[in-house]
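Per-entry structural report
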2 protein chains.
Amino acid sequence: MTTSPAIFQSLFSQQTQTHSRDKESRSDMTEATIKIGVLGCADIARKVSRAINLAPNAHIAAVASRSVEKAVAFAKANNYPPDVKIYGSYEALLDYPDIDAVYIPLPTSLHVKWASLAAQKKKHILLEKPASFNVGEFDQILEACEANGIQIMDGTMWMHNPRTQKMKEFLSDKDSFGELKSIQTCFTLSAGEDFLKNDIRVKPDLDGLGALGDVGWYCIRAILWAVDYELPKTVVALRGPVLNEAGVILSCGASLHWEDGKLASFHCSFLSHLTMEFTAVGTVGTLHLNDFVVPVQEKESSFTAGSKCWFNEMVTGWTSTSSQHNVATDLPQEACMVREFARLVGNIKSNGAKPDQTWPSRTRKTQLILDAVKASIDSGFEPIEVVE
Amino acid sequence: MTTSPAIFQSLFSQQTQTHSRDKESRSDMTEATIKIGVLGCADIARKVSRAINLAPNAHIAAVASRSVEKAVAFAKANNYPPDVKIYGSYEALLDYPDIDAVYIPLPTSLHVKWASLAAQKKKHILLEKPASFNVGEFDQILEACEANGIQIMDGTMWMHNPRTQKMKEFLSDKDSFGELKSIQTCFTLSAGEDFLKNDIRVKPDLDGLGALGDVGWYCIRAILWAVDYELPKTVVALRGPVLNEAGVILSCGASLHWEDGKLASFHCSFLSHLTMEFTAVGTVGTLHLNDFVVPVQEKESSFTAGSKCWFNEMVTGWTSTSSQHNVATDLPQEACMVREFARLVGNIKSNGAKPDQTWPSRTRKTQLILDAVKASIDSGFEPIEVVE
């Protein structure tokens, strides 16, 4: 791979409406605005580019692909600001001094190399999920971040939706929800023939964790989120995972077990209809939602919360049932994610703060559970003890 | 236990409004009306008594308890018709020739004895769930039924709600739902201190299957219902079941696995908030409801069905999502159950039909899975092959 020079593009002169232009006129465009380089032009980078454009404290400063042409086309298609630097190699982008951070949507197999190099080049990192093939790889990235004072956060967008905070308030309410006892969740999608043949998420050398790393990541994160990131003691994969010819997981599930008796189970698949259920049951309350990863609507989303529900006297109906709670958001959840990432980076840059450890710790725990599920599958569904 | 004579009670002269009186004035009160004796005055018998009163083709003809006083009080409290026969022993009721059928709400431990005897006395049987402690016991009951030409049906009420039929139509629709791939369900309730100390459902000598036999029964039945009663190949209990000091299950779960890759998991508990989730995911559709056992409302219930849902182009929302379907019922589901039972009995009585095998076969399969879950728990969570 050769390093191409940065090319200043004036491609955008004809654009009259871009999110970034809207943003530039805002009063919140301050010195703390974080300049982000986009390292790769994956499909998901379109959504995150829009999110960077929308976030009040972030700005797309550069984009790289393995070819300049692809990067130019991508920048144009995604309303990149006119001063964006465009690179035909990832190395070149990382050498560009005028960016604070990079967003890395590359295939998982490339994360260790490029995230580590980004850290060495003093770029903070927003890293697509799954973070790595395994926790050992992620620890290499973490080491590089630590050695260089780098903030890292993974791209689990729904964590940053204001709805998530509202749901957490319910789960934390001892009077309304009580003590968490069990979780059931599934994220499935019907990937289609072309995806199952060609997508990087079914290629062992690219995103070898398949459905577990893609949709399963969200189930595992949601479970950990609900239990305040207390690791389970044991993970057992459910029998009957479906693998493709190359051994990549297309469908699987697992149960997670905590010392105190809490129990969670999840199912994830590329082979079923789009479904995103999450149910957490406490001693006195139940939380449920059916769009936990991508809300049905961008600007308002909902969940149902039931508390102290019970039957009528003859058990022919319920005296009270769950009620729906709607939560509005000023920004799409992925833009909230970018805003949070840029806030942390800004805090390091402007205030000399240390990198936040909360987000990478959550990433690492998610990866630990992924590893355990995979180890359980590989061992013939033996229970795997989770060791931090 | 001594046999008390039948006591005709004129207790009800002061009653001006009873369901049964309403019914007697109806034109559908025909010769085919099935006379049912209620064998025991358990709490659930109140709900089923009301259901018999409501069903157009059934009539409460007798009630028995171990004491006459209890039976009298129960009959009075439950608007029994004035001509009801009241017995101070179960044997006496079974010897009363003028009843066609019995409803048996006795503790599970008494099912073999009393259901077998009822069959021998040529009484058709509506049997509370769980049917038995194990399939061997249930087979003894089935043998008695077969030897005597007796109809048996278990008391799984929700099966008879018109909603269930509507949901089945969705699950059977290859265009809208496709091929069933996975099911997640849970039925939990917070039983409370008194229940956990005193209820028959936590006593090993009465309802020794505990939460598995009570709330777990419904989860297992719902799973079997969704797969058209195709038995799974393997059942594996989830780790971490909670047992009381006497060894009765208070909380457990399992996964069920079919040859063709279908997967189901369930969780049932007496230790968590009232929750009744059921989600079935097919290749192109998803069914969900949160009150599958006891609908929130008696006269109208709902489910959500999603078909070919997908994301918008940027995956920032859904272009289509699940829609809610409401289903009205003229009768509460438990009265629909009695109506169906009475219809089958009437068909035998009036038309010389043979007992229907569909319902007992469903009962037996449910019991087989219960047995497998229990065997898996007892074996330390080994997979159990299900053999019909």
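Definitions and cut-offs
- Residues numbered from 1 in each chain as written.
- Chains lettered and ligands numbered in written order.
- Predicted model: local features only at pLDDT ≥ 70, side-chain atom pairs only at ≥ 80, totals over all residues.
- Heavy atoms only, no water.
- Least-squares fit on C-alpha atoms with pLDDT ≥ 70 in both.
- Contact = heavy atoms within 4.5 Å.
- Phe/Tyr/Trp six-rings, centres within 6.5 Å; stacked < 30°, edge-to-face > 60°.
- Helix = DSSP H or I, 4+ residues; strand = E, 2+ residues; numbered from the N terminus.
- Lys NZ or Arg CZ within 6 Å of the ring centre and 35° of its normal.
- Buried < 20%, exposed > 50% of the residue type's maximum accessible area, 1.4 Å probe, protein only.
- Arc of directions from axis to C-beta.
- UniProt positions renumbered as here; feature names shortened; annotations may be inferred.
- Pairing = 2+ DSSP bridges.
- Expected span 1.5 Å × (residues − 1).
- Salt bridge = Lys/Arg side-chain N within 4 Å of Asp/Glu carboxyl O.
- Polar contact = N/O pair within 3.5 Å; in protein donor to acceptor, adjacent residues only side chain to side chain.
- Nonpolar A, V, L, I, M, F, W, Y, C, P; charged D, E, K, R; others polar.
- Right-handed = clockwise from strand over helix to strand, strands pointing away.

**Considerations on the relation of the copies chain B and chain A**
- Mapping chain B onto chain A leaves a residual RMSD of 0.0 Å; the transformation is a rotation of 180° accompanied by 0.0 Å of translation along its axis. When the rotation and shift are considered jointly, the pair of chain copies conforms to a two-fold rotation axis. Among all C-alpha atoms of chain B, that of Gln184 of chain B lies closest to the rotation axis, at 3.7 Å.
- With an isologous cut-off of 70% or more, the 100% of interface residues of chain B that recur at the interface of chain A puts this contact in the isologous class.

**Re the packing of aromatic side chains**
- Under the criterion given, the structure shown has 26 aromatic pairs over all chains.
- A ring pair is formed by Trp310 of chain A and Phe311 of chain A, whose centres lie 5.2 Å apart and whose planes are at 50°; its orientation type is tilted.
- Their ring planes at 80° and their centres at 5.1 Å tell us that Tyr90 of chain B and Trp114 of chain B sit as a pair that is edge-to-face. Note that Tyr90 of chain B is positioned in helix H4 (residues 90-95) and Trp114 of chain B in helix H5 (residues 111-120), a separation of 24 residues in sequence.
- An aromatic cluster of three or more residues is present, and its members are Trp158, Phe187, Tyr218, Trp225, Phe278 and Phe292 of chain A.
- Just above the ring of Trp359 of chain B sits the side chain of Arg362 of chain B; from NZ or CZ to the centre is 4.6 Å.

**Quick notes on helix H3 (residues 68-77) of chain A**
Residues and elements named next belong to chain A.
- Regarding H3, the residues found buried are Val68, Ala71, Val72, Phe74 and Ala75. For H3, the buried positions fall inside an angular range of 165° around the axis, keeping them on one side. Every exposed residue of H3 that faces more than 90 degrees away from the buried side is listed here: Glu69 and Ala77.
- One or two positions beyond H3, positive phi appears at Asn79, with a value near 55°.

**Concerning the UniProt feature "domain: Gfo/Idh/MocA-like oxidoreductase N-terminal" (unreviewed entry) in chain A**
- What UniProt calls "domain: Gfo/Idh/MocA-like oxidoreductase N-terminal" (unreviewed entry) maps, in this numbering, to residues 34-153 of chain A.
- The span residues 34-153 of chain A is 43% helical and 22% strand by assignment, and the distance between its end C-alpha atoms comes to 15 Å.

**Digging into the pairing of strand E13 (residues 271-282) of chain A**
Residue and element names in this part refer to chain A.
- In terms of residue burial, E13 counts as a mostly covered element, since 12 of its 12 residues are buried.
- The pairing of strand E8 (residues 180-190) with E13 spans nine bridges and is antiparallel. By the bridge assignment, Phe187 is partnered in E13 with Met276.
- The pairing of E13 with strand E14 (residues 285-289) spans four bridges and is antiparallel. If you follow Phe278 over to E14, its bridge partner there is Leu289.
- Hairpin connection between E13 and E14: a loop of two residues separates the two successive antiparallel strands.

**Comments concerning helix H12 (residues 358-378) of chain B**
Residues and elements named next belong to chain B.
- Taking 1.5 Å per residue, 21 residues should reach 30 Å; H12 reaches 30 Å between its end C-alpha atoms and fits that length.
- Counting buried positions over the 21 residues of H12 gives 15, a clear majority of the element.
- Once H12 ends, the next one or two residues include Gly380, with phi positive near 80°.

**Section: the interface of chain B and chain A**
- Facing the 56 residues of chain B at the interface are 56 residues of chain A.
- The tally of links from chain B across to chain A stands at two salt bridges.
- Applying the counting rule to chain B against chain A returns 26 residue pairs in polar contact (both at pLDDT 80 or more).
- If you list the elements that add at least two residues to the side of chain B that touches chain A, you get helix H2 (43-54), strand E8 (180-190), strand E11 (249-257), strand E12 (263-269), strand E13 (271-282), strand E14 (285-289), strand E15 (300-307) and strand E16 (310-311) of chain B.
- Residue contributions to the side of chain B that touches chain A peak at 10 residues, all from E13 of chain B.
- Looking at the side of chain B that touches chain A residue by residue, the class counts come to 21 nonpolar, 24 polar and 11 charged.

**Quick look at the UniProt feature "domain: GFO/IDH/MocA-like oxidoreductase" (unreviewed entry) in chain A**
- Within the UniProt annotation, "domain: GFO/IDH/MocA-like oxidoreductase" (unreviewed entry) is assigned to residues 165-287 of chain A.
- Strand forms 39% of residues 165-287 of chain A and helix 28%; the C-alpha atoms that close the span are 13 Å apart.

**Focus on the pattern of salt bridges**
Residues and elements named next belong to chain B.
- All told, the structure shown has 42 salt bridges over all chains when counted by the stated rule.
- Linking Glu169 and Lys166 is a salt bridge whose minimum nitrogen-to-oxygen distance equals 3.6 Å. Residue Glu169 and its partner Lys166 are located together in helix H7 (residues 162-171), separated by three residues, close to a single helical turn.
- Judged by relative accessible area, Glu169 falls into the partly exposed class, the value being 40%.
- Between Glu340 and Arg343 there is a salt bridge whose closest N-O contact spans 3.0 Å. Here Arg343 and Glu340 lie together in helix H11 (residues 333-351), a separation of three residues that amounts to about one turn.

**A look at the side chain of Glu334 of chain A**
- Residue position: Glu334 of chain A is located in helix H11 (residues 333-351).
- Aside from chain neighbours lying at most four places away, what touches Glu334 of chain A is Lys47, Arg50, Ala51, Met157 and Glu298 of chain A together with Thr316 of chain B.

**Some remarks on the pairing of strand E2 (residues 34-39) of chain A**
All names here are of chain A.
- Counted residue by residue, E2 has five buried out of six residues, so it is predominantly covered.
- Note: E2 against strand E3 (residues 58-64), six bridges, orientation parallel. Following the sheet pairing, Lys35 is matched in E3 by His59.
- Crossover E2 to E3 through helix H2 (residues 43-54) is right-handed.
- Bridge count for E2 against strand E5 (residues 101-104) is three bridges, and the pairing is parallel. The residue bridging Val38 from the neighbouring strand is Tyr103, located in E5.

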